[in-house]
Amino acid sequence: GRYLIYIGSSSMAIYLMHILAGSGARVILDKVLGIDSVVIHLIVGCLFGLGLPLICLYLLNRLKVKYVLSAPMSLLLSNFSRKFMSK
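For clarity, every value in this text was computed on a predicted model and none was experimentally measured.

About the thresholds
- Residues numbered from 1 in each chain as written.
- Predicted model: local features only at pLDDT ≥ 70, side-chain atom pairs only at ≥ 80, totals over all residues.
- Heavy atoms only, no water.
- pLDDT = per-residue confidence, 0-100.
- Helix = DSSP H or I, 4+ residues; strand = E, 2+ residues; numbered from the N terminus.
- Expected span 1.5 Å × (residues − 1).
- Buried < 20%, exposed > 50% of the residue type's maximum accessible area, 1.4 Å probe, protein only.
- Contact = heavy atoms within 4.5 Å.

Considering the confidence of the model for the chain
Counting all residues, the mean pLDDT for the chain is 82, and 78% of those residues have values of 70 or more. Per-residue pLDDT, averaged within each element of the chain, yields its smallest value for helix α4 (residues 72-85) (61) and its largest for helix α3 (residues 38-62) (92).

Set out below in structure tokens:
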């Protein structure tokens, strides 16, 4: 329950970082460790593609880093439109 909600609310971070994490893990498996099993590549690629973005998001939230996964401009435009369009 709670884990699925957390993963769902973290979908933008996962979407933005999953390619680097998953493919990076598969490159290490293949080039560094010499593992060429399709099953292992799929499992490790999926685990890293989901796990590393979630870890990064957790660390960003703990460090209170703003605007990494959202554009500050969107907040500015939202405030502007509320202020001047409501008149």
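Things to note about α3
In a regular helix each residue adds 1.5 Å, so 25 residues correspond to 36 Å; α3 covers 36 Å between its end C-alpha atoms and thus fits that length. Among all positions in α3, only His 41, Gly 45, Gly 49, Pro 53, Leu 54 and Leu 57 are buried. If you follow the buried residues of α3, they end up packed against α1 (2-9) and α2 (11-32). With its phi angle positive at about 55°, Lys 64 sits one or two positions after the end of α3.

Brief notes about the environment of Cys 46
Within the secondary structure, Cys 46 sits in helix α3. Cys 46 sits in the exposed class, given a relative accessible area of 54%. Placed 23 residues apart in sequence, Cys 46 and Ser 23 show a C-alpha to C-alpha distance of 9.3 Å.

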